[in-house]
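Residues per chain, in single letters:
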Amino acid sequence: SVGSTLLSRRHTHALRLQGLAQIFRTQRTPEGQRIFFGLGAEDGLAVGDGVDILSVKDRSVLGSAQVVLVRRTDAECLLPEGFTAPISAYVRKSAAA
């Protein structure tokens, strides 16, 4: 519905203002899990930057990864072997980056 689309856009914008995005897609590959999220070049993200994966429940750090592909408004990471992230978990640029 139009209402839920508008609400989703507001939520996405509010997260972005905090330097956060939610994982909107995951993909299993032979190299590991690939995640897709809504921070990109417009947010100052670049290939090679580190990101933290955060719990939806309390925003605690579940793990970290390195950005492998950046577009204008979204990016992708390949997670380290043995680590998977749930869809809708949060992503933020690592403070150490």
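Summary of the structure given here. (Residues numbered from 1 in each chain as written. Predicted model: local features only at pLDDT ≥ 70, side-chain atom pairs only at ≥ 80, totals over all residues. Heavy atoms only, no water.)

Focus on the overall build of the protein
Of the regular secondary structure elements, the protein holds one helix and six strands. In the protein, the order of α-helices and β-strands from amino to carboxyl end is α-β-β-β-β-β-β. Taking 13 Å as the expected radius of gyration for a compact globule of 97 residues, we find that the protein reaches 13 Å, a close match to that expectation. On the principal axes, the C-alpha backbone points of the protein span a range of 40 × 25 × 25 Å. For the protein, with 97 residues in total, the buried portion stands at 36%. Of the roughly 5,800 Å² of accessible surface on the protein, a fraction of 53% belongs to carbon and sulfur atoms. Both charge centroids of the protein, one from 12 positive and one from 9 negative side chains, sit 7 Å from each other. (Helix = DSSP H or I, 4+ residues; strand = E, 2+ residues; numbered from the N terminus. Rg over C-alpha atoms; globule rule 2.2 N^0.38 Å. Buried < 20%, exposed > 50% of the residue type's maximum accessible area, 1.4 Å probe, protein only. Areas by Shrake-Rupley, 256 points an atom, 1.4 Å probe, with all protein chains shown as cover. Lys, Arg positive; Asp, Glu negative; His and termini not counted. Charge placed at Lys NZ, Arg CZ, Asp CG, Glu CD.)

Describing the environment of Asp-58
Structurally, Asp-58 can be placed in the loop between β3 (50–54) and β4 (61–70). Within the structure, Asp-58 has its side chain in polar contact with the side chain of Ser-55 (distance 3.3 Å). Polar contacts involving the side chain of Asp-58 include one to the side chain of Ser-60, which spans 2.8 Å. (Polar contact = N/O pair within 3.5 Å; in protein donor to acceptor, adjacent residues only side chain to side chain.)

Structural notes on the sheet that holds β3
Strand order in the closed barrel formed by six strands is β1-β2-β5-β4-β3-β6, and the pairing between neighbours is antiparallel. When strand polarity is set aside, the average angle formed by the axes of neighbouring strands in this sheet is 45 degrees. Across four bridges, β4 lies against strand β5 (residues 75–78) in antiparallel orientation. Note on β5: the bridge partner recorded for Val-67 is Cys-77. (Pairing = 2+ DSSP bridges. Axes fitted to C-alpha atoms, helices over the stretch in contact; angles between N-to-C directions.)

Quick look at the nonpolar core
Among the nonpolar cores identified, the biggest contains 17 residues, and Ile-35, Phe-37, Val-51 and Ile-53 are the most heavily contacted of them. Discounting residues that sit within four places of it in the chain, Ile-53 has contacts with Ile-23, Ile-35, Ser-60, Val-61, Leu-62, Gly-63, Leu-79, Phe-83, Ala-85, Ala-89, Tyr-90 and Val-91. (Core = buried A, V, L, I, M, F, W, Y, C linked by side-chain atoms within 4.5 Å. Contact = heavy atoms within 4.5 Å.)

Here we look at the environment of Val-56
By secondary structure assignment, the location of Val-56 is in the loop between β3 and β4. Note: C-alpha distance between Val-56 and Ser-88 (32 residues apart in sequence) is 7.1 Å.

Focus: unusual backbone geometry
The phi angle at Arg-59 is positive, at roughly 60 degrees, despite the residue not being glycine. For Arg-59, the position within the fold is in the loop between β3 and β4. Although it is not a glycine, Ser-88 sits at a positive phi angle of roughly 80 degrees. Take Ser-88: it is sitting in the loop between β5 and β6 (90–93).

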